[in-house]
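# Architecture at a glance
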Amino acid sequence: MWEQHWGKTTNTAAHDTNAVHTRALRRFWSPIFDSLAFEEKRLLDLAAGKGDLLEVLMSSGRFQPSWLPQFYSVDLSDTALQHIKMRYPTTEIVRSDCAQLPFSNNSFDIIVSQFGIEYSGLSAFDECCRVLKNDGKFIAVCHYQHGALHNECMDNLQAVNLLFEIGFFKNAHLAFDAKTSKSQTQNSIQVDSEFRDILSSVANLTNQRPYLVAGLLRKLFNDTRYMYDNLSRFEANLIIEWLDTMEKELNNYRARMAALNESSLDKSLLGNALTVFTAKGFSNVNIKELKADRYSKPFAWAIEVSK
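Rules used throughout
- Residues numbered from 1 in each chain as written.
- Predicted model: local features only at pLDDT ≥ 70, side-chain atom pairs only at ≥ 80, totals over all residues.
- Heavy atoms only, no water.
- Helix = DSSP H or I, 4+ residues; strand = E, 2+ residues; numbered from the N terminus.
- Buried < 20%, exposed > 50% of the residue type's maximum accessible area, 1.4 Å probe, protein only.
- Lys, Arg positive; Asp, Glu negative; His and termini not counted.
- Charge placed at Lys NZ, Arg CZ, Asp CG, Glu CD.
- Pairing = 2+ DSSP bridges.
- Axes fitted to C-alpha atoms, helices over the stretch in contact; angles between N-to-C directions.
- Contact = heavy atoms within 4.5 Å.
- Phe/Tyr/Trp six-rings, centres within 6.5 Å; stacked < 30°, edge-to-face > 60°.
- Lys NZ or Arg CZ within 6 Å of the ring centre and 35° of its normal.
- Salt bridge = Lys/Arg side-chain N within 4 Å of Asp/Glu carboxyl O.
- Right-handed = clockwise from strand over helix to strand, strands pointing away.
- Expected span 1.5 Å × (residues − 1).
- Parallel < 35°, antiparallel > 145°, perpendicular 65-115°, else oblique.
- Left-handed = near helix turned anticlockwise from the far one by under 90°.
- Nonpolar A, V, L, I, M, F, W, Y, C, P; charged D, E, K, R; others polar.

## Focus: the overall build of the protein chain
- Counting its regular elements, the protein chain contains 11 helices and 7 strands.
- Counting only C-alpha atoms, the protein chain reaches 75 × 40 × 30 Å along its principal axes.
- Burial analysis of the protein chain (307 residues in total) assigns 48% to the buried set.
- Across the protein chain, the 33 positively charged side chains and the 36 negatively charged ones have centroids separated by 4 Å.

## Overview of the sheet that holds strand β6 (residues 284-291)
- On the basis of which strands lie adjacent, the open sheet formed by 7 strands has the order β3-β2-β1-β4-β5-β7-β6 and mixed pairing. The open sheet has two edge strands with one neighbour each: β3 (92-95) and β6. Taken over all neighbouring pairs, the strand axes of this sheet differ in orientation by 15° on average, direction set aside.
- Pairing between strand β4 (residues 108-114) and strand β5 (residues 132-143): 6 bridges, direction parallel. Considered in β5, the bridge of Gln 114 is made with Val 141.
- Packed onto the sheet, helix α4 (residues 78-87) meets β2 (71-75) and β3 and runs at close to 175° relative to β3.

## Regarding the packing of aromatic side chains
- The final tally for this structure, using the stated rule, is 20 aromatic pairs.
- Taken together, a centroid distance of 5.9 Å and an interplanar angle of 85° make the contact between Tyr 72 and Phe 103 edge-to-face. Note that Tyr 72 is positioned in strand β2 and Phe 103 in the loop between β3 and β4, a separation of 31 residues in sequence.
- Residue Phe 103 is classed as buried on the basis of its relative accessible area of 13%.
- Taking the centre distance of 6.0 Å and the plane angle of 85° together, the rings of Tyr 226 and Phe 234 count as edge-to-face.
- Taking relative accessible area as the criterion, Phe 234 reaches 31% and is therefore assigned partly exposed.
- Chaining the aromatic ring pairs together yields one cluster made of Phe 28, Trp 29, Phe 33, Phe 38, Phe 63, Trp 67 and Phe 71.
- Arg 42 extends its terminal NZ or CZ atom over the ring of Phe 108, reaching a point 4.6 Å from the ring centre.
- The ring of Tyr 228 has Lys 179 lying over it, and the distance from NZ or CZ to the ring centre is 4.1 Å.

## What to know about the pattern of salt bridges
- For the coordinates displayed, the defined rule picks out 8 salt bridges.
- The salt bridge partner of Arg 209 is Asp 155, with a shortest N-O separation of 3.4 Å. Placement of Arg 209 in the loop between α8 (186-208) and α9 (216-229) and of Asp 155 in helix α6 (residues 148-165) is noted, with a sequence separation of 54 residues between them.
- Close ionic contact of Asp 192 with Arg 196 constitutes a salt bridge, the shortest N to O distance being 3.3 Å.

## Some words on the pairing of β5
- After leaving β4, the chain enters helix α5 (residues 123-131) and then returns to the sheet as β5, a path that is right-handed.
- When β5 meets strand β7 (residues 298-306), the two strands line up antiparallel, connected through 6 bridges. Bridge assignment links His 143 to a residue of β7, and that residue is Ala 300.

## What to know about helix α10 (residues 236-263)
- The terminal C-alpha atoms of α10 lie 41 Å apart, and with 28 residues this matches the ideal 40 Å at 1.5 Å per residue to within 8%.
- For α10, the complete set of buried residues consists of Ile 239, Leu 243, Met 246, Glu 249, Leu 250, Asn 252, Tyr 253, Arg 256, Met 257, Ala 259, Leu 260 and Ser 263.

## Focus on the packing of α5 against helix α11 (residues 267-279)
- α11 packs onto α5 with a crossing angle of 25° between their chain directions and a minimal axis gap of 8 Å. Considering their axes alone, α5 and α11 lie roughly parallel with respect to each other. Pair α5 / α11 crosses with right-handed handedness. From α5, Phe 125, Asp 126, Cys 128 and Cys 129 reach across to α11, where they touch Leu 270, Ala 273, Leu 274, Val 276 and Phe 277.
- Residues belonging to the contact of α5 with α11 are distributed by class as follows: 8 nonpolar, no polar and 1 charged.

Below, the structure written as structure tokens:
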């Protein structure tokens, strides 16, 4: 799932579909990175993706390039890790599940994570605590159950599920095949009518909510309708290839949003996950809500653990 996500071209992940959330995340991380001392420290970024946190850290000017060999990025996706390695060749990359880290006890001074550690389940917090030094710091941002971002993603998932339930891709294949055959039969007329009904349903959905899945559903509808109405301008095999790519991408999106739904945490679950740090002697275990602005619902949990 994650290999497919990081290897594709369009971006329909969770927070990066919304610039407001991205700015709020940067406002959270920037002062934290400004306050930390990094020299001779070992850092670990759990579920690092393509290195968003490393990018924020490097842009802060507080982290010298000569310290990059002390920075470890962990992720399950080789594609994501190679992206980090290409940008920062001297940093360390490790392919691993956050719940089974290949590091010894008390290995890292600072551990960070952004929308990542929770995907590996609550046992990942145990692993994080195990590899964190006794005087270390753990800072993370996790998905907030029923928060603004979670609700937005679930709305998107519902819309994508509807697309599959009405058989959009199956009927698109049938309709394009029937139309390229150029022989009108009763069956081809019926196929055309059914597909146009489906297009009408998708049009209603995207007209009411054009920004679903970062506008991807609107693009799917517009492009499909244009190609269907102007079939002579396109090669049939390229249309089918494009439809297959879009179907694969949206199926991958469904899987990621289902994983997000399962990994989103309420305060009770998060509190239970963090008790392992208290048991290890960390006296400062702080949880706060992150909001895009003071009028918005929370969209994430911000966690800071230290002695």
